[in-house]
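# Chains, contacts and geometry: an overview
The lines below spell out each chain.
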Amino acid sequence: MSSAPTRDYFSDYPFAFRLEPHKTALIPVDIQYGSASREFGLGRLLAQTGRDAVGSYRFDRIEQVVVPNVRRLLDFFRQHELRIVHLTVGSDMPDYSDISAHKRAFTRAKNNTRGQREHEILDEIKPLPGELVLNKTTPSAFNSSAIESKLRSMGIEYCLFAGVSTNVCVEGTARDAADRGFHTIIVEDGCAATRPEFHDMTILTFPRTYGRVASTTDVISEITQGLQARPA
């Protein structure tokens, strides 16, 4: 039996970049009551079907790690008047007919349609007036929203993604951003998934071919350095 290689061949082709603050957007993904709350949406669905334990890791991480770190990032971006683009996922129609067939039943079960609490972003990190909010009906925002044209109109070249779920909507949108030429970072401690292995696999594979993975502290430090280096 051959042993596993000690060096990943992708490491021979590093892709490095430094964030340019005023060309960078923070993009929190789907941190809504439908998917990020114990009391509503997915959390209520699991409780009603006797599967509370299935959501324990997810909701613990959202409450203890994701929300505090995303709030740190939002506060920092607002303080420095940098771009924020909030993403939501869910139906724009009460009959869910705008959701793809393979996702419709699950979206309906979570009661995630516009006008319902489940469609709203958590109060702790809700958008402020003037901040852009885009709804999508697919995991990747690039397939069902105007995110690309909005980012390009704002002069954005660097995208920071956080939110839920790491391995679905966050990863899907981040991959599509990279494929369209945006320099992309997944903020590891700003994301959560239903199981740790789902989260960990995205964090392991994403930087091989798409972009970078960084912590909240590292992102804030890098942008701070960029702001300090900018000519007056």
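Scroll up a little and you will see the structure.
Overview of the structure. (Residues numbered from 1 in each chain as written. Predicted model: local features only at pLDDT ≥ 70, side-chain atom pairs only at ≥ 80, totals over all residues. Heavy atoms only, no water.)

## As for the overall build of the chain
Within the chain, the regular secondary structure consists of eight helices and six strands. Secondary structure elements of the chain, listed N to C terminal, follow the sequence β-α-α-β-α-β-α-α-β-α-β-α-β-α. Dimensions of the chain, computed from C-alpha atoms along their principal axes, come out at roughly 60 × 50 × 30 Å. The burial tally for the chain puts 46% of its 232 residues in the buried class. Of the contacts formed within the chain by residues at least 6 apart in sequence, a portion of 73% connects residues at least 24 apart. For the chain, the exposed surface amounts to about 11500 Å²; the carbon and sulfur share of it is 52%. The positive charge centre, built from 28 side chains, and the negative charge centre, built from 29, are 2 Å apart in the chain. (Helix = DSSP H or I, 4+ residues; strand = E, 2+ residues; numbered from the N terminus. Buried < 20%, exposed > 50% of the residue type's maximum accessible area, 1.4 Å probe, protein only. Contact = heavy atoms within 4.5 Å. Areas by Shrake-Rupley, 256 points an atom, 1.4 Å probe, with all protein chains shown as cover. Lys, Arg positive; Asp, Glu negative; His and termini not counted. Charge placed at Lys NZ, Arg CZ, Asp CG, Glu CD.)

## Looking at unusual backbone geometry
Glycine aside, residues mostly have negative phi angles, and peptide bonds mostly take the trans form. Note that the residue after Val164, namely Ser165, is joined by a cis bond; omega there is -15°. Within the secondary structure layout, Ser165 lies in the loop between β4 (158-164) and α6 (166-179). Backbone geometry places Glu81, a non-glycine residue, at a positive phi of 55°. For Glu81, the location among the structural elements is in the loop between α2 (56-79) and β2 (83-89). Take Glu81: its relative accessible area is 70%, and that puts it in the exposed class. In this model, Asn111 sits at a positive phi of 60°, which is unusual for a non-glycine residue. Note that Asn111 resides in the loop between α3 (101-109) and β3 (132-136). You can call Asn111 partly exposed: its relative accessible area is 25%.

## Here we look at the packing of aromatic side chains
Where two aromatic rings form a pair, the distance of their centres and the angle of their planes describe that pair. Inspection of the entire model under this criterion finds six aromatic pairs. For the pair Tyr33 and Phe40, a centre-to-centre distance of 5.4 Å together with 80° between the ring planes defines the contact as edge-to-face. Both rings, one in Phe142 and one in Phe182, keep their centres 6.1 Å apart while their planes meet at 45°; by these two values the pair is tilted. Placement of the pair is Phe142 in helix α4 (residues 141-144) and Phe182 in the loop between α6 and β5 (183-192), with a sequence separation of 40 residues. Relative accessible area serves as the criterion here: at 9%, Phe142 is assigned to the buried category. Relative accessible area serves as the criterion here: at 4%, Phe182 is assigned to the buried category. (Phe/Tyr/Trp six-rings, centres within 6.5 Å; stacked < 30°, edge-to-face > 60°.)

## Some remarks on the pattern of salt bridges
Scanning all chains against the criterion turns up 19 salt bridges. Between Arg152 and Glu148 there is a salt bridge, with its nearest N and O atoms 3.1 Å apart. With Arg152 and Glu148 both in helix α5 (residues 147-153) and four residues apart, the pair spans about one turn of that helix. With a relative accessible area of 27%, Glu148 lands in the partly exposed category. Through salt bridges that share partners, Arg18, Arg212 and Glu222 make up one connected network. (Salt bridge = Lys/Arg side-chain N within 4 Å of Asp/Glu carboxyl O.)

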